[in-house]
Amino acid sequence: MQYKYAILDSNATSNLQLQHYMEDYGDFSCTTISKNKEEGLKSILKFSPDVVIINLNELAESYFNMITELHQYLDKLPIFIGISKTKEHAYDAIKNNFYDYWLQPYSEYEILKSLLKLKKRLPKKNTPQTICLKSYRDFQYIDTDNILYLKADNNATDFHMNDGSINNAYKTLKTFENQLPPNFVRIHQSYIVNTNYVSRINYGKSICALKLTKAPLPFSKSYKLNVDELKKILSRNTISSSLN
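Residues numbered from 1 in each chain as written. Predicted model: local features only at pLDDT ≥ 70, side-chain atom pairs only at ≥ 80, totals over all residues. Heavy atoms only, no water.

## Focus: the packing of helix α2 (residues 37-47) against helix α3 (residues 60-70)
- At a closest axis distance of 10 Å, the pairing of α2 and α3 adopts a crossing angle of 30 degrees. By the angle class used here, α2 and α3 are roughly parallel. Considering how the two elements wind past one another, α2 and α3 form a crossing that is right-handed. Here K37, G40, L41, I44 and L45 of α2 lie close against α3, whose contacting residues are S62, Y63, N65, M66, E69 and L70.
- Class assignment for the residues of the contact of α2 with α3 results in 6 nonpolar, 3 polar and 2 charged. (Axes fitted to C-alpha atoms, helices over the stretch in contact; angles between N-to-C directions. Helix = DSSP H or I, 4+ residues; strand = E, 2+ residues; numbered from the N terminus. Parallel < 35°, antiparallel > 145°, perpendicular 65-115°, else oblique. Left-handed = near helix turned anticlockwise from the far one by under 90°. Contact = heavy atoms within 4.5 Å. Nonpolar A, V, L, I, M, F, W, Y, C, P; charged D, E, K, R; others polar.)

Encoded structure:
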């Protein structure tokens, strides 16, 4: 099962190195990278990551205030991990209930031990493969493997199936986002796709093509990181003809 994590750091080199380590250990998917408190607060509320990694070399006090502010909006906060070149902010991190504190330059061994303990402390439950669409006294059970994509329709959601049929649910797309298995990825304010059916990602036109349907789906800039992660997942077991 995938753990979602977000990075709050303005250092691009540090971000790339950290993403490389996290990918090597598997089960961790980056939802977003933010450069400051305002972006970080928005990304946490929007993407609901399991883990948030914060660079405390700069703006440490601002990030501690952000965590205090999050209590106003969330019943359950993500796990916070601080990164820094020194131990200067370690005490304040402990006071703010940080799970761990990684010193730079990174120690792969220390990160590995920390992530293994985290997975043991926060085991991911198996996501149900069947979803129930309820409407008054009507209960419809759908196998998630048969869903091509979900489309928002005002305060309702349309489930587009691999046989061409459409099922309606009178709940918002956000309601289903965290209930679906990890192979479902949100690519747009109005769309969640089953990655098992994605056949093409076109960055020039900002569209994803799906098997069994002719109409491509758009993806938006705000969900580009999700699309980037989707491309990585699809490319792992793919033979590439690209020379780049």
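## Regarding the pattern of salt bridges
- Applying the stated criterion across every chain, the model contains 7 salt bridges.
- The salt bridge partner of R186 is E177, with a shortest N-O separation of 2.9 Å. Just as R186 is buried, E177 falls in that class too.
- The structure contains a network of salt bridges with shared partners spanning K174, E177 and R186. (Salt bridge = Lys/Arg side-chain N within 4 Å of Asp/Glu carboxyl O. Buried < 20%, exposed > 50% of the residue type's maximum accessible area, 1.4 Å probe, protein only.)

## Thoughts on the sheet that holds strand β11 (residues 184-188)
- Pairing in this open sheet of 5 strands is antiparallel, and the strands run β10-β9-β8-β12-β11 from one edge to the other. Only two strands of the sheet have a single neighbouring strand rather than two, namely β10 (166-169) and β11. Strand-to-strand, the axes of this sheet are offset by a mean angle of 20 degrees, without reference to chain direction.
- Pairing between strand β8 (residues 147-153) and strand β9 (residues 156-161): 6 bridges, direction antiparallel. Across the sheet, Y149 pairs through a bridge with H160, a residue of β9. (Pairing = 2+ DSSP bridges.)

## Notes on the layout of surface pockets
- In this model, the largest pocket occupies a volume close to 1,300 Å³.
- Along the walls of the largest pocket sit 40 residues, with Q2, K4, D50, K124 and N178 positioned nearest its centre.
- Every element with two or more residues in the lining of the largest pocket is listed here: β2 (28-34), α2, β11 and α7 (224-235).
- Residue contributions to the lining of the largest pocket peak at 5 residues, all from α7.
- Across the lining of the largest pocket, the residue classes tally to 20 nonpolar, 10 polar and 10 charged. (1 Å grid on protein atoms, 1.4 Å probe; cavity = no way out; pocket = protein on both sides within 12 Å on 5 of 7 lines; lining within 4 Å. Points joined across faces, edges and corners; volume = space filled by probe spheres on them.)

## With respect to the pairing of strand β14 (residues 207-210)
- Alternating residues of β14 divide into C208 and L210, all buried, and I207 and A209, none buried.
- Note that strand β13 (residues 198-202) and β14 share 4 bridges and pair antiparallel. Within β14, the position partnered with I201 by the bridge is C208.
- The hairpin turn running from β13 into β14, its antiparallel successor, is 4 residues long, and S206 in that turn takes a positive phi close to 55 degrees.
- The pairing of β14 with strand β15 (residues 217-218) spans 2 bridges and is classified as antiparallel. Looking at the pairing, C208 lines up with L217 of β15.
- Linking β14 back to β15 in an antiparallel pair, the connection comprises 6 residues, with L212 at a positive phi of about 75 degrees.

Structural measurements only, silent on function.
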